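So the chains spell out like this:
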Amino acid sequence: MIKKLEKPLLVTEPSLPRYEDYIDTIKKIWSTKWLTNQGVFHNDLECKIKNFLKVDYLTLFCNGHSALDCAIKQLRFTKEKWPKIGGEIITTPFTFVSTTHAISMNGFTPIFCDIKADDYTIDEDKIEGLITDKTVAIVCTHVYGFPCNVERISQLAKKHDLKVIYDAAHAFGVEVNGVPIGNFGDMSMFSFHATKVYNTIEGGALAYSNVALQNKLNLMRNFGILDTEEIASFGINAKMNEFQAAMGIENLKYVTKNIQNRKNAAQIYYKELSRIPGIKLVDLKQNIKYNYSYMPILIDEKCFGISRDQLYDKLTQYNIYPRKYFYPLISNTPIYKHPNTQNNIADYVAKSILCLPLFADIQKEDVEYVCKIINDISRNT
Ligand code: T4K
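Residues numbered from 1 in each chain as written. Predicted model: local features only at pLDDT ≥ 70, side-chain atom pairs only at ≥ 80, totals over all residues. Heavy atoms only, no water.

Caption draft 1: Representation of the overall build of the protein. The helix and strand tally for the protein stands at twelve helices and 17 strands. What you see for the protein is a C-alpha radius of gyration of 21 Å, in line with the 21 Å of a compact globule of 381 residues. Principal-axis analysis of the C-alpha atoms places the extent of the protein at approximately 70 × 55 × 40 Å. Going through the 381 residues of the protein one by one, you find that 55% of them count as buried. Taking as baseline every contact in the protein between residues at least 6 positions apart, the subset at least 24 positions apart corresponds to 70%. (Helix = DSSP H or I, 4+ residues; strand = E, 2+ residues; numbered from the N terminus. Rg over C-alpha atoms; globule rule 2.2 N^0.38 Å. Buried < 20%, exposed > 50% of the residue type's maximum accessible area, 1.4 Å probe, protein only. Contact = heavy atoms within 4.5 Å.)

Caption draft 2: Fine view of a nonpolar patch on the surface. Judged by side-chain polarity, F223, I225 and I231 come together as a nonpolar surface patch covering roughly 290 Å² of accessible area. Relative to the helices and strands, I225 resides in strand β11 (residues 225-227). (Patch = residues over 30% accessible without salt bridge, like charges linked within 9 Å, V, L, I, M, F, W, Y side chains within 5 Å. Areas by Shrake-Rupley, 256 points an atom, 1.4 Å probe, with all protein chains shown as cover. Salt bridge = Lys/Arg side-chain N within 4 Å of Asp/Glu carboxyl O.)

Caption draft 3: Inspection of empty space enclosed by the protein at higher detail. Scanning the model with the defined rule gives two cavities of 30 Å³ or more in all. Estimates place the volume of the largest cavity at around 90 Å³. When the residues that make up the lining of the largest cavity are grouped by side-chain class, the tally is ten nonpolar, three polar and no charged. In this structure, the second largest cavity spans a volume of roughly 40 Å³. Every residue lining the second largest cavity is listed: D56, G182, N183, F184, G185, D186, M187, A207, Y208 and S209. In terms of residue class, the lining of the second largest cavity is made up of four nonpolar, four polar and two charged. (1 Å grid on protein atoms, 1.4 Å probe; cavity = no way out; pocket = protein on both sides within 12 Å on 5 of 7 lines; lining within 4 Å. Points joined across faces, edges and corners; volume = space filled by probe spheres on them. Nonpolar A, V, L, I, M, F, W, Y, C, P; charged D, E, K, R; others polar.)

Caption draft 4: Just the site of the ligand, in detail. Surveying the vicinity of the ligand reveals 26 residues, the closest of which are D167, H170, S191, K196 and Y325. D167 places a side-chain nitrogen or oxygen 2.6 Å from a nitrogen atom of the ligand. Between the ligand and K196 there is a distance of 2.8 Å, counted from a nitrogen atom to a side-chain nitrogen or oxygen. If the ligand stood free it would expose 920 Å²; the protein chains cover 74% of that surface. The site holding the ligand turns out to be the largest pocket. Every element with two or more residues in the shell around the ligand is listed here: α3 (64-78), α4 (97-104) and β9 (187-191). Across the shell around the ligand, the residue classes break down as ten nonpolar, 13 polar and three charged. (Near = heavy atom within 4 Å. Polar contact = N/O pair within 3.5 Å; in protein donor to acceptor, adjacent residues only side chain to side chain. Sits in = over half its atoms within 2 Å of the grid points.)

Caption draft 5: Representation of the packing of aromatic side chains in the model. Tallied over the full model, the rule gives 20 aromatic pairs. Centroid distance Y144 to Y294: 5.7 Å. Interplanar angle 55°. Geometry classified as tilted. Of the two residues, Y144 is situated in the loop between β5 (135-141) and α5 (150-160) and Y294 in the loop between β14 (288-289) and β15 (295-299); the sequence distance between them amounts to 150 residues. For Y144, a relative accessible area of 1% translates into the label buried. Given a relative accessible area of 14%, Y294 falls into the buried group. Following the ring pairs from residue to residue traces out a cluster consisting of F94, F96, Y120, Y144, F146, Y290, Y292, Y294, Y325 and F326. Over the ring of Y327 we find R308; its NZ or CZ atom is 4.9 Å from the centre of that ring. (Phe/Tyr/Trp six-rings, centres within 6.5 Å; stacked < 30°, edge-to-face > 60°. Lys NZ or Arg CZ within 6 Å of the ring centre and 35° of its normal.)

Caption draft 6: Fine view of the nonpolar core. Ranked by size, the top nonpolar core spans 100 residues in total, and within it I49, F94, Y120, Y144, L273, I297 and I374 carry the most contacts. The element that contributes the greatest number of residues to this core is helix α8 (residues 255-273), accounting for eight residues. Core analysis: the next-biggest nonpolar cluster, separate from the first, contains 25 residues, L75, V136, V139 and M220 among them. (Core = buried A, V, L, I, M, F, W, Y, C linked by side-chain atoms within 4.5 Å.)

Caption draft 7: Spotlight on the sheet that holds β14. Strand order in this open sheet of three strands is β8-β7-β14, and the pairing throughout is antiparallel. Of all the strands in the sheet, the pair left with one neighbour each is β8 (179-180) and β14. (Pairing = 2+ DSSP bridges.)

Caption draft 8: Focus on the sheet that holds β9. In spatial order, the strands read β2-β10-β9-β6-β5-β3-β4; together these seven strands make up an open sheet with mixed pairing. Strand pairing shows two members of the sheet lacking a second neighbour, β2 (57-61) and β4 (109-112), which therefore form its edges. Neighbour-to-neighbour, the strand axes of the sheet open up by a mean angle of 25°, direction not taken into account. Relative to β4, strand β3 (residues 88-91) runs parallel, the two sharing four bridges. The partner of I89 across the bridge, within β4, is P110. The strands that helix α2 (residues 40-53) touches are β2 and β9; relative to β2, the one it contacts most, it runs at about 130°. Seen against the sheet, α4 touches β3, β4, β5 and β6 (163-167) and runs at an angle of roughly 135° to β4. (Axes fitted to C-alpha atoms, helices over the stretch in contact; angles between N-to-C directions.)

The structure is reproduced here in structure tokens:
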């Protein structure tokens, strides 16, 4: 009998800078008394992340959801022919619920498109069949940092005059054919939540190449206030504060190393788990630079011997806490369920997937331990 881990091993653990460095940086706030509203750390970080992600323009937000919310709000004000409220947005059901809420809470109807079995991103071959005269946009997720088929989606959007917004919450640092991921579509949203590859405690950003969006987004995140004399547009409060920005500045120094650490850990998982019957790992492609933000494994119950849920329960007995990201499937939840919608692949994936512990500081021994337990379970079922 293999011994249980002494300390719980969680699906993720935030990356932190050196304590002294963060304290040194935030000390300055006590003399300036400038805590939020586009402070010096905020403006510095905006510039640094723009350069890191190699995008034309970037606007910071207090969290990823607010960034996505503002991106979708923009849709209501960009085109005359579009209704101020209403219209359909084609989206993936296999995502964190933030994506769907940002669509529906802005008055659009999410139309769920099934995903692909090989990388769990939206199935570009099924998008066109869902386009109607009410469709205004495609909003899809680079889930786990696996990029959507950005080329095909761009062709479809051009053909049907649709906007494309990518939920790139998981995709910080990812590249496709050498092109950084934030350069695709009309806008891409990145999340800098504590649980992400790169964090500002809470935080997010929109990347885009249309300069006209810059002013609009800057206004929108600050109540539409231009200056003390003028309120120039609609807006909300979605500003990143100086403590978040200071954390972002310090964490950015380590993000490349952190992604390399994640890659090393993921390589152990791939080596140790890919031979196990009934466990499917996503085939990684040569033309993509990954960020290893999650470590999803798909359990084929018939072949593996037990279900995803049974494996989950067994792992928790060893103090290992993977997560069933993303279950339940959004299109199966009471608020989004529609009798005419069927997403068979997404349905199967949501019931069969498990994200194993993966974070920058994970110990090699812990990864090997998880693999050993899964191997052991596989042999004994
Ligand atoms: N779009 C997508 C595709 C997303 O995945 C997300 C967020 C968004 C949009 C929205 O972006 P943000 O507005 O969040 O920036 C977590 C995160 O809260 C959420 O940011 C993330 N996606 C989602 C996938 O994961 P939960 O409900 O799983 O969080 P929680 O509290 O259960 O934590 C997960 C694990 O991390 C636990 O094992 C504990 C550990 N943890 C967590 C926190 C917060 C820590 O060790 N330290 C911490 O400070 O949602």
